[in-house]
Amino acid sequence: MWRWGDWNELRIRAVGALPVIITWVNGLKIAELDTATLQSPHYDPEAVLATLGSSGHLAFEVHDNDAAFGEARWGHGAACRWRNIRIKELG
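Just so you know, these numbers come straight off a predicted model, no measurement behind them.

Caption draft 1: Representation of the overall build of the protein chain. What the protein chain contains, in helices and strands, is 1 helix and 3 strands. For the protein chain, the α and β elements follow one another from N to C terminus as β-β-β-α. Taken over C-alpha atoms, the radius of gyration comes to 16 Å for the protein chain, far larger than the 12 Å a tight globule of 91 residues would show. Each principal axis of the C-alpha distribution contributes one length, and for the protein chain these read about 45 × 35 × 25 Å.

Shown next as structure tokens:
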């Protein structure tokens, strides 16, 4: 599913003030999270909404992958590039 050494397509859909967030990688649905019903210690969706508001910033973040990948792990000089970023407001 992941295209190593090539471009990958990531799609994110977030709907609602306490959003349902769905993610796809190369057309394959990876996750669906309903932030209004999420059960996690100390998580209060209304408090998050009050703090962040219903609109705001976008951030792109890349995490180091697992050491089990060995030589395929992010290494010195590794780069992450983004292209063709599109944002569409859902009406």
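Caption draft 2: View of the side chain of Asn8. Looking at the element boundaries, Asn8 is found in the segment before β1 (10–15). A polar side-chain atom of Asn8 sits 2.8 Å from the main-chain amide nitrogen of Arg3. Engagement of the side chain of Asn8 in a polar contact is seen with the side chain of Asn26, the distance being 2.8 Å. Setting aside its immediate chain neighbours within four residues, Asn8 contacts Met1, Trp2, Arg3 and Asn26.

Caption draft 3: Quick look at the packing of aromatic side chains. Per the stated rule, a full pass over the model turns up 2 aromatic pairs. Aromatic side chains Trp2 and Trp4 sit 6.4 Å apart centroid to centroid with 65 degrees between the ring planes, which places their arrangement in the edge-to-face category. For Trp4, a relative accessible area of 57% corresponds to the exposed category. Centroid distance Phe60 to Trp82: 4.9 Å. Interplanar angle 50 degrees. Geometry classified as tilted. Placement of the pair is Phe60 in the segment after α1 (45–52) and Trp82 in the segment after α1, with a sequence separation of 22 residues. The aromatic ring of Trp24 is capped on one face by Arg11, whose charged end is 4.1 Å from the ring centroid.

Caption draft 4: Molecular detail of the side chain of Thr35. You can see Thr35 is positioned in the loop between β3 (28–34) and α1. A relative accessible area of 9% means that Thr35 is categorised as buried. Within polar-contact distance, the side chain of Thr35 engages the backbone oxygen of Pro19 at 2.7 Å. Not counting residues up to four positions away in its chain, the partners in contact with Thr35 are Leu18, Pro19, Ile21, Tyr43 and Pro45.

Thresholds applied
Residues numbered from 1 in each chain as written. Predicted model: local features only at pLDDT ≥ 70, side-chain atom pairs only at ≥ 80, totals over all residues. Heavy atoms only, no water. Helix = DSSP H or I, 4+ residues; strand = E, 2+ residues; numbered from the N terminus. Rg over C-alpha atoms; globule rule 2.2 N^0.38 Å. Polar contact = N/O pair within 3.5 Å; in protein donor to acceptor, adjacent residues only side chain to side chain. Contact = heavy atoms within 4.5 Å. Phe/Tyr/Trp six-rings, centres within 6.5 Å; stacked < 30°, edge-to-face > 60°. Buried < 20%, exposed > 50% of the residue type's maximum accessible area, 1.4 Å probe, protein only. Lys NZ or Arg CZ within 6 Å of the ring centre and 35° of its normal.

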